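Residue-level structural notes
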Amino acid sequence: MIIFRYLCRELLAATLAVSTVLLLMVMSGRFVKYLAEAAAGDMSTNILFMLMGFRLPGFLELVLPLGFFVGILLAYGRLYIESEMIVLHSCGFSERRLLGYTMIPALAMATLVAAMSLYLTPAGIKHGSELITVDKSGNEFDHLIPKKFFTTSGGSAVYYAESLSKDRSTMYNVFLAEQGASGKVDDIAHQTVTVANEGVQKIDPETGLRYLVLRDGYRYSGAPGQRDYRQMAFSSYEVLLEVPQLRTKSEEQIQSTSTIDLWRSDDKRERANLHWRFSLPVLVLVIAVLAVPLSRVSPRQGRYAKMIPAVLLYIIYLVSLQSVRGAIEDGKITNPASIWWVHPPFLILALLLLGGRNWLQTLSTRSTNSGATALPASAADTENSTHD
């Protein structure tokens, strides 16, 4: 029990250190991306830290397996370099027992990764998407300055407001100019000018599209230089601020779907995402078995001798899973459960690395025993010849 606590302490300390460094690297890159969007006016700075909090489980489900894998290599590699593991093996502590001790924290780590991949990550992505949608619904008005022209995010319209209400929800004396608003494709010569006493912004909860609702005004449309301008008076008029794009269900929407809904779905992309979520905990268990033989180093080799090949092997493992998942989503592979065929080769490789060491030790023991048995016989022959 003392050895188990010692190994767990070394392993978890190394895993925590590596995972912290990896997490800071990943989060800093994503934070810079969000910060650039906020600087461009596409996102409010008030939601940056909340958005990073919602995305945190998605980062951890990919960082923790790699951190745990490298943690095993570092922790056990130090024990081999400082000859602590050699002393343990000399006292009867077998490598099979070491693997059993390693699988206990591996099961705990797999459970944590499963909780994130199956529940926390989809929920975080969903809440993050809702937060961005709500922020964008008021983003135009939050940065609106009275008596100054502003361009919509799509760049197809320019609007102006003489003043705003105290809660910044209503514009007064609104001017709106639209380019190519005739309804014809690529009709950039057609222009529409709308003036209204007031305007409010609303968002469609189903599509997420933003509309500017104008009240009590006039609308003038036509081509410059021609006389066929049309004038229309209205009491209420809605203008689409963002052009809708016809597309299939986005990857982010699939990732935000709950695991239960993915289980009930027959869509190949959603089924592939479901198998991916269940594959991450299995990945943790396989790399734990793989890391134990890869952590064996001699004092002359150094602590980091097998680090680069081991990390490359992990990258090949993860990229293979993602490649099969992408092939399923693209329709190149018809069976979504094909992602499970990626795990057995790496598990077999880990068992071969473990069994190969034990097989060599068995051969060495047998040869030593046979030599020790032959030695007394030769000594007896020498003694008999002496008496003769």
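Within any chain, residue numbers begin from 1 and follow the written order of that chain's sequence. Residues qualify for local features only when their pLDDT is at least 70, as the model is predicted, and side-chain atom pairs are given and counted only at 80 or more; totals for whole chains, interfaces and linings, by contrast, use all residues. Calculation of side-chain values draws on the structure's entire complement of heavy atoms; hydrogens and water are dropped beforehand.

**Brief notes about the overall build of the protein chain**
Segments assigned H or I by DSSP are reported as helices when at least four residues long, segments assigned E as strands when at least two residues long, and all are numbered from the N terminus. Helices and strands together make up the secondary structure of the protein chain, namely 10 helices and 6 strands. Per-residue accessibility, obtained with a 1.4 Å probe over protein chains only, is compared with the maximum for each type, and a residue is labelled buried under 20%, exposed over 50%, and partly exposed between these values. For the protein chain, buried positions account for 39% of its 388 residues. The criterion used for residue contact is that any of the two residues' heavy atoms lie within 4.5 Å. Of all intrachain contacts in the protein chain linking residues separated by at least 6 positions in sequence, the fraction that spans at least 24 positions is 60%. Reported accessibility uses the Shrake-Rupley method at a 1.4 Å probe radius. Residues are deemed covered only where the shown protein chains occlude them. Of the roughly 21,900 Å² of accessible surface on the protein chain, a fraction of 61% belongs to carbon and sulfur atoms.

**Structural notes on the packing of helix H2 (residues 48-81) against helix H8 (residues 268-294)**
Every axis corresponds to a line fitted to the C-alpha atoms, with the helix fit spanning only the stretch in contact, and the corresponding angles, defined between N-to-C directions, vary from 0 to 180 degrees. Where H2 meets H8, the axes come as close as 9 Å, and the angle between the chain directions of the two elements is 10 degrees. With respect to each other, H2 and H8 are oriented roughly parallel. Contacts between H2 and H8 involve Glu-61, Leu-62, Pro-65, Phe-68, Phe-69, Ile-72, Leu-73 and Tyr-76 from the first element and Trp-276, Leu-280, Leu-283, Val-284, Ile-287, Ala-288, Ala-291, Val-292 and Leu-294 from the second. For this classification, Asp, Glu, Lys and Arg are treated as charged, while Ala, Val, Leu, Ile, Met, Phe, Trp, Tyr, Cys and Pro are nonpolar and the rest, including Gly, are polar. Partitioned by chemical class, the residues of the contact of H2 with H8 number 16 nonpolar, no polar and 1 charged. Orientation labels follow simple angle bins: below 35 degrees gives roughly parallel, above 145 gives roughly antiparallel, 65 to 115 gives roughly perpendicular, and whatever is left gives oblique.

**A few points about the environment of Glu-329**
Checked against the element boundaries, Glu-329 lands in helix H9 (residues 307-330). Judged by relative accessible area, Glu-329 falls into the partly exposed class, the value being 21%. Linking Glu-329 and Asn-273, residues 56 residues apart in sequence, is a C-alpha distance of 8.7 Å.

**A closer look at the pattern of salt bridges**
We define a salt bridge as a contact between a side-chain nitrogen of Lys or Arg and a carboxyl oxygen of Asp or Glu at a distance within 4 Å. Inspection of every chain in the model, using the stated rule, returns 6 salt bridges. A salt bridge links Glu-84 to Arg-78; the nearest nitrogen and oxygen atoms lie 3.5 Å apart. On the basis of relative accessible area, Glu-84 is assigned to the partly exposed category, the value being 26%. The exposure class of Arg-78 is buried, given its relative accessible area of 15%. Note that Arg-215 and Glu-198 form a salt bridge whose closest N and O atoms lie 3.2 Å from each other. Of this pair, Arg-215 sits in strand S5 (residues 210-222) while Glu-198 is found in strand S4 (residues 191-203), placing the two residues 17 residues apart along the sequence.

**Considerations on the side chain of His-343**
Structurally, His-343 is set in helix H10 (residues 343-387). Polar side-chain contacts of His-343 include one of 3.5 Å to the side chain of Ser-279. Here a polar contact means two N or O atoms within 3.5 Å. Within protein one must be a hydrogen donor candidate and the other an acceptor candidate, and residues neighboring in sequence count only if both atoms are side-chain atoms. There is a polar contact of 2.5 Å between the side chain of His-343 and the side chain of Tyr-317. Those residues in contact with His-343, other than ones at most four positions away along the chain, are Ser-279, Val-282, Leu-283, Tyr-317 and Leu-321.

**Details of H8**
Over its 27 residues, H8 runs 36 Å from end to end, which matches the ideal 39 Å to within 8%, given 1.5 Å per residue. With respect to burial, H8 is a largely interior element, 21 of its 27 residues being buried. For H8, the N-terminal capping position is held by Asp-267, with its side-chain oxygen 3.1 Å away from the main-chain nitrogen of Arg-269. The length a helix should cover is 1.5 Å for every residue beyond the first.

**Notes on the sheet that holds strand S2 (residues 157-164)**
At least two bridges found by DSSP between two strands are what make those strands a pair. Here we have 6 strands laid out as an open sheet, ordered S1-S2-S3-S4-S5-S6, and antiparallel in their pairing. Whereas interior strands pair on both sides, the edge strands pair on one side only; in this sheet they are strand S1 (150-151) and strand S6 (230-240).

**Here we look at the environment of Leu-212**
Residue position: Leu-212 is located in strand S5. What makes Leu-212 buried here is its relative accessible area of 1%. Remark: the alpha-carbon pair of Leu-212 and Val-239, spanning 27 residues in sequence, is separated by 5.1 Å.

**Structural notes on the pairing of S2**
Direction of pairing for S1 relative to S2: antiparallel, over a ladder of 2 bridges. Following the sheet pairing, Thr-151 is matched in S2 by Val-158. In this structure, S2 lies alongside strand S3 (residues 170-179), joined through 7 bridges in antiparallel fashion. In the strand pairing of S3, Val-158 is matched with Ala-177. Linking S2 to S3, which pair antiparallel, is a turn of 5 residues; within it Arg-168 sits at a positive phi near 60 degrees.

**Topic: the environment of Ala-327**
Its location among the elements puts Ala-327 in helix H9. For Ala-327 and Ile-339, which are 12 residues apart along the polypeptide, the C-alpha to C-alpha distance reads 9.7 Å. Excluding its chain neighbours within four sequence positions, the residues that come into contact with Ala-327 are Lys-332 and Ile-333.

**Quick word on the confidence of the model for the protein chain**
Mean pLDDT over the protein chain works out to 79, with 80% of the residues at or above the 70 mark. Each residue carries a pLDDT score, the predictor's confidence in it, ranging from 0 to 100. When mean pLDDT is compared element by element in the protein chain, H8 scores highest at 91, while helix H5 (residues 139-142) scores lowest at 54. Scored below 50 in pLDDT, residues 182-188 shows 5 contacts in the model against residues more than four places distant or in partner chains. Contacts from residues 371-388, a stretch scored under 50 in pLDDT, to residues over four places away or in other chains number 0 contacts.

**Observations regarding the packing of aromatic side chains**
Each Phe, Tyr or Trp ring, with Trp reduced to its six-membered ring, pairs with another whose centre is within 6.5 Å; inter-plane angles below 30 degrees give stacked pairs, above 60 give edge-to-face pairs, and intermediate values give tilted ones. Tallying each qualifying case throughout the model produces 7 aromatic pairs. Measuring from ring centre to ring centre gives 5.6 Å for Phe-93 and Tyr-101, while their planes differ by 50 degrees; the resulting arrangement is tilted. What makes Tyr-101 buried here is its relative accessible area of 16%. Taken together, the ring pairs connect Phe-4, Phe-93 and Tyr-101 into an aromatic cluster.

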